[in-house]
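Architecture and fold: a report
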2 protein chains.
Amino acid sequence: MNTITSKIRSFNRFYTAHLDILSQHYLDSEYSLTEIRILYEISESNSITAQKITEILNLDKGYLSRILKRFLKENLIEKVTSTEDKRASNIKLTNSGNELLSILNDKSENKIEGKIEKLNSSEKEILVDSMNTVRNLLTENKIVREDIVYRHEITPGDIGYIIHLHGAIYGKEYNFSTDFEKYVIKTFYDFLEKYSPENDRIWMAEYNNKIVGCVAIIHQPNQEAQLRWFLLDPTFRGLGIGKKLLTDAVDFCKEKKFKNVFLLTTSLQNKALEMYKMAGFELTQSEEVKEWGKTFYEERYDLKLSN
Amino acid sequence: MNTITSKIRSFNRFYTAHLDILSQHYLDSEYSLTEIRILYEISESNSITAQKITEILNLDKGYLSRILKRFLKENLIEKVTSTEDKRASNIKLTNSGNELLSILNDKSENKIEGKIEKLNSSEKEILVDSMNTVRNLLTENKIVREDIVYRHEITPGDIGYIIHLHGAIYGKEYNFSTDFEKYVIKTFYDFLEKYSPENDRIWMAEYNNKIVGCVAIIHQPNQEAQLRWFLLDPTFRGLGIGKKLLTDAVDFCKEKKFKNVFLLTTSLQNKALEMYKMAGFELTQSEEVKEWGKTFYEERYDLKLSN
DNA sequence: TAAAATTAGTTGCTTTTGTCAACTACTTTG
DNA sequence: CAAAGTAGTTGACAAAAGCAACTAATTTTA
């Protein structure tokens, strides 16, 4: 018995009860949930055929036909025979159909309002974020590209969170200890000491207001720049986030007229190598090191920007 | 039109469709959702009356009566007239009733399994965490004490996250800039440099595997200890988390035979003052400072541990 | 390009699901 | 101990949903 699935089942039972959809009359109206769903589907798509509705809502066409007939009689919808296919007709809501739906929407909103009124605004945010996460994970069965937000102004909490990601991800992927996190903390402190908003930049990729990937460009002497802290939460790999971050970083270097960008890494951290190479970085130095009881290579990659 | 409620409505619609409970036959069995819910309710409570079932599931007693009659005929349940009330009878599942339910449970688990099979384990964790959050916020209408987990071993990512919390919370509550976060980074780096697992400790309170509060004790010369980084996410205040953290910290000091614990704060940070005082700390120093364009007091609080 | 197969939608008929009210047998209340 | 209330049953009925046969239009196929 898998605990994950049983936890999900438990949530499903909870939410079934919470949704309150097992009662016949939706929101005490004279319409059933099915009828409202039909109306909602019609309103969503501006103009729709009965066939399409049966597909979306999984309804019997005979059953739907009769409901639509009633809607027509009650002047909630109007049907216009399709010009492309004379068997089918395009269905739209009439004004009074829209009105009915809007009244029901208000009722529904009020009901939800009542259920969350005791939550403060940050709890409400947590609620909505969590719902989004549940939805995204269950629909696409993976996080979708469109939900990723990119930004590059540093706001309070960002640096700490990026340090956290370094500790957590390298801890999980390469078994690095908290010593590594301490090292990262040091690098960030040094960075902040000489941070120049003009010539340095950190890019962050966010999902549900949580940073899931980042990269930074730090100016160096001689019109050089260093690329640092390139990191992507494993859950969010394969969505083009890494590529986007690197592209933005390199574009920034071009814009700032840096002549060369370099990055330092070790042979222990191999996950990002392919991405560096695809962005045009080439290995320029490699030195064997023995540290933390391990033997590995400290490597330098460079990207010349000739323009 | 409130965006929060409309987002929740959108999630509700999504989840209604996702649950797939609008179809007549539950999991392709010959039973309807209502019937299965009845069986489930009987199995949950070992022995239950029909009356109780109508209350829980909001069913008509006549309707239920007939369904139970059929269950009896199909040998899924057994009824024993109650000794306390000869009108009522106690209903239990028979072996074959239990068997049916367990087959359906398996089917349901398989179905869920199919829906999440493409998720990796960390995505599954995110999913379950988010469901818990949704549920907690909607049921209790607030986070409950029992869901808070306490620990004090530092794992990779913890320090970064605590820095993040400092930046984010002080940014929000006192409008502190990223300079403050930089300062926090420095203090943590210094701490890690001389960290002694024997005499120093950081306590963390977690909700859904996320740190929401912390406090630390750092050893100092002359059998003194400093209390630092006491912080609680505003959303999680009023649940006794702060008190628990402070108590644990002070108990640790007693155990380690520190003679005095002190903490440094400023008059700008006033949210935790009451908690310090309740834990027995007393103001021992106060000095006016002008910094960051503000005038405020740097204060020291002490707690003597006489034992 | 004409016959065959398919599709959008309607209608008749049926089953399933759920509601309401009257009733029995028992229990509680005043 | 009579009146009121409750657990459960039953009859009558209405609403919700499914199935299959049908029409009229469209698409495929040979």
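Residues numbered from 1 in each chain as written. Chains lettered and ligands numbered in written order. Predicted model: local features only at pLDDT ≥ 70, side-chain atom pairs only at ≥ 80, totals over all residues.

Digging into the interface of chain B and chain A
Convention followed: Here, residue contact means that the backbone-derived C-beta atoms of the two residues sit within 7 Å. By the criteria applied, helices consist of DSSP H or I runs no shorter than four residues and strands consist of E runs no shorter than two, each listed in order from the N terminus. Note on residue categories: nonpolar means Ala, Val, Leu, Ile, Met, Phe, Trp, Tyr, Cys or Pro, charged means Asp, Glu, Lys or Arg, and polar means any other residue, Gly included.
In this complex, chain B contributes 63 residues to the contact, which on the side of chain A involves 63 residues. When contributions to the side of chain B that touches chain A are tallied by element, the ones reaching two or more residues are helix H1 (3–19), helix H5 (95–116), helix H6 (121–139), helix H7 (158–174) and helix H8 (178–193) of chain B. Looking at side-chain class alone, the side of chain B that touches chain A contains 29 nonpolar, 21 polar and 13 charged residues.

Side note on the sheet that holds strand E7 (residues 260–266) of chain B
All names here are of chain B. For the record, the criterion: Any two strands with at least two DSSP bridges between them are considered paired. Note on method: axes are straight lines fitted to C-alpha atoms, helices fitted across the in-contact stretch only, with angles between N-to-C directions ranging 0 to 180 degrees.
Taken in spatial order, the 7 strands of this open sheet run E3-E4-E5-E6-E7-E9-E8, and their pairing is mixed. Of all strands in the sheet, those with a lone pairing partner are strand E3 (148–151) and strand E8 (282–291), marking the two edges. Across the sheet, the mean angle separating the axes of adjacent strands is 20° when strand polarity is ignored. Its contacts with the sheet place helix H9 (residues 241–255) against E3, strand E4 (201–207), strand E5 (210–220), strand E6 (224–232), E7 and strand E9 (294–304), and it is angled at close to 25° to E5.

With respect to the packing of helix H6 (residues 121–139) of chain A against H1 of chain B
Between two packed helices, both the angle of their axes relative to each other and the distance between the axes serve to describe the pair. The condition that has to hold: Any angle that is under 35 degrees is reported as roughly parallel, and any over 145 degrees as roughly antiparallel; angles of 65 to 115 degrees are reported as roughly perpendicular and all others as oblique. A crossing counts as left-handed when the near helix is turned anticlockwise from the far one by less than a right angle, and as right-handed when that turn is clockwise.
The interhelical angle for the contact between H6 of chain A and H1 of chain B, taken along N-to-C directions, is 30°, at an axis separation of 10 Å. Judged on the interaxial angle alone, H1 of chain B and H6 of chain A are roughly parallel. Relative to H1 of chain B, the crossing made by H6 of chain A is left-handed. Taking contact as the criterion, the partners of Lys124, Val128, Met131, Arg135 and Leu138 of chain A in H6 of chain A are, on H1 of chain B, Ile4, Lys7, Ile8, Phe11, Phe14 and His18 of chain B.

Side note on the packing of helix H3 (residues 50–57) of chain B against helix H4 (residues 61–73) of chain B
All names here are of chain B. Following both chains from N to C, one finds H3 and H4 inclined at 120°, their axes separated by 10 Å at the closest point. When the interaxial angle is binned, H3 and H4 end up oblique. Along this stretch, H3 crosses H4, giving a crossing that reads as right-handed. Contact residues: H3 offers Ala50, Ile53 and Thr54, while H4 offers Lys61, Leu64, Ser65 and Leu68. Here the contact of H3 with H4 is built from residues that sort into 4 nonpolar, 2 polar and 1 charged.

Considering the protein's contact with DNA strand C
Counted only if it meets this: We count a residue as near a molecule or strand when its backbone-placed C-beta atom lies within 6 Å of that partner.
Taken together, the neighbourhood of DNA strand C is formed by 22 residues, with Gly62 and Ala88 of chain A together with Ser32, Gly62 and Tyr63 of chain B sitting nearest. Counting residues per element, the ones that place at least two in the surface near DNA strand C are helix H3 (50–57) and helix H4 (61–73) of chain A together with H4 of chain B. Ranked by the residues each element gives to the surface near DNA strand C, the list is headed by H4 of chain A, at 6 residues. Considering only residue class, the surface near DNA strand C consists of 4 nonpolar, 10 polar and 8 charged.

So, unusual backbone geometry
Backbone phi values are negative for most residues with the exception of glycine, while trans is the configuration of most peptide bonds. Residue and element names in this part refer to chain B. Quick note on the threshold: Here a residue counts as buried when 20 or more other C-beta atoms fall within 10 Å of its C-beta, as exposed when 12 or fewer do, and as partly exposed in between; the C-beta atoms come from the backbone.
Phi at leucine 27 is positive, roughly 50°, even though this residue is not glycine. Within the fold, leucine 27 resides in the loop between H1 and helix H2 (33–44). For leucine 27, a count of 17 C-beta atoms within 10 Å translates into the label partly exposed. Of note in this structure, asparagine 222 is not a glycine but carries a positive phi near 60°. With respect to the element layout, asparagine 222 can be found in the loop between E5 and E6.

Considering the protein's contact with DNA strand D
Gly62 of chain A together with Ala50, Gln51, Gly62 and Ala88 of chain B are the nearest of the 24 residues found near DNA strand D. Taken together, the elements giving at least two residues each to the surface near DNA strand D come down to H4 of chain A together with H3 and H4 of chain B. Residue contributions to the surface near DNA strand D peak at 6 residues, all from H4 of chain B. A class-by-class count of the residues in the surface near DNA strand D yields 5 nonpolar, 11 polar and 8 charged.

Looking at the domain arrangement of chain A
To keep it simple, the criterion reads: Where each domain starts and ends comes from a domain assignment, either automatic or drawn from a database.
Each assigned domain of chain A is listed here: domain 1 (3–117) and domain 2 (147–304). Taking only C-alpha atoms, the centre of domain 1 of chain A and the centre of domain 2 of chain A are 49 Å apart.

Quick notes on the environment of serine 43 of chain B
With respect to the secondary-structure elements, serine 43 of chain B resides in helix H2. A C-alpha to C-alpha distance of 7.4 Å links serine 43 of chain B and asparagine 98 of chain B, two positions 55 residues apart in sequence.

Notes on the relation of the copies chain B and chain A
What counts here: The atoms used to superpose the copies are C-alpha atoms, taken from residues with pLDDT of at least 70 in both, and the fit is least squares.
For the pair chain B and chain A, the superposition axis carries a translation of 0.0 Å, the fit reaches an RMSD of 1.0 Å, and the rotation angle comes to 180°. Look at the turn and shift together and you get a two-fold axis relating the two. When you check the interface residues of chain B against chain A, 98% turn up at the interface there too, and the contact is symmetric in its surfaces.

Digging into the sheet that holds strand E4 (residues 201–207) of chain A
All names here are of chain A. Within the open sheet, the 7 strands sit side by side as E3-E4-E5-E6-E7-E9-E8. Their pairing is mixed. Both outer strands of the open sheet, strand E3 (148–151) and strand E8 (282–291), are each paired with one neighbouring strand and no more. For this sheet, the mean inter-axis angle between neighbouring strands, taken without regard to orientation, is 20°. Bridge count for E8 against strand E9 (residues 294–304) is 9 bridges, and the pairing is antiparallel. When the sheet's bridge partners are listed, glutamine 285 is paired in E9 with arginine 300. Packed onto the sheet, helix H9 (residues 241–255) meets E3, E4, strand E5 (210–220), strand E6 (224–232), strand E7 (260–266) and E9 and runs at close to 25° relative to E5.

Some remarks on H8 of chain B
Residue and element names in this part refer to chain B. In plain terms, the rule: The span one expects for a helix is its residue count, reduced by one, times 1.5 Å. To obtain the arc, one takes the directions from the helix axis to the C-beta atoms.
Counted at 1.5 Å a residue, the expected span for H8 with its 16 residues is 22 Å, and the 23 Å between its end C-alpha atoms agrees. Of the positions making up H8, those classed as buried are Thr178, Glu181, Val184, Ile185 and Phe188. Viewed end-on, H8 has its buried residues packed into an arc of 105°, placing them on one side of the element. Along H8, exposed side chains directed more than 90 degrees from the buried face belong to Asp179, Asp190 and Glu193.

So, the environment of lysine 61 of chain A
Residues and elements named next belong to chain A. Following the sequence through the fold, lysine 61 ends up in helix H4. The exposure class assigned to lysine 61 is exposed, which follows from the 12 C-beta atoms found within 10 Å. Taking the C-alpha atoms as reference points, lysine 61 and isoleucine 77, separated by 16 residues in sequence, lie 17 Å from one another.

Topic: the nonpolar core
The line we're drawing: Linking buried Ala, Val, Leu, Ile, Met, Phe, Trp, Tyr and Cys residues through C-beta atoms within 7 Å yields a set, and such a set is a nonpolar core.
Within the largest apolar cluster, 93 residues are counted, with the highest numbers of intra-cluster contacts made by Cys214, Val215 and Ala249 of chain A together with Cys214, Val215 and Ala249 of chain B. Once residues lying within four places of it in the same chain are set aside, the contact partners of valine 215 of chain B are Trp203, Leu227, Trp229, Phe230, Leu245, Leu246 and Ala249 of chain B. Core analysis: the next-biggest nonpolar cluster, separate from the first, contains 19 residues, Leu137 of chain A together with Ile8, Phe11 and Leu137 of chain B among them.

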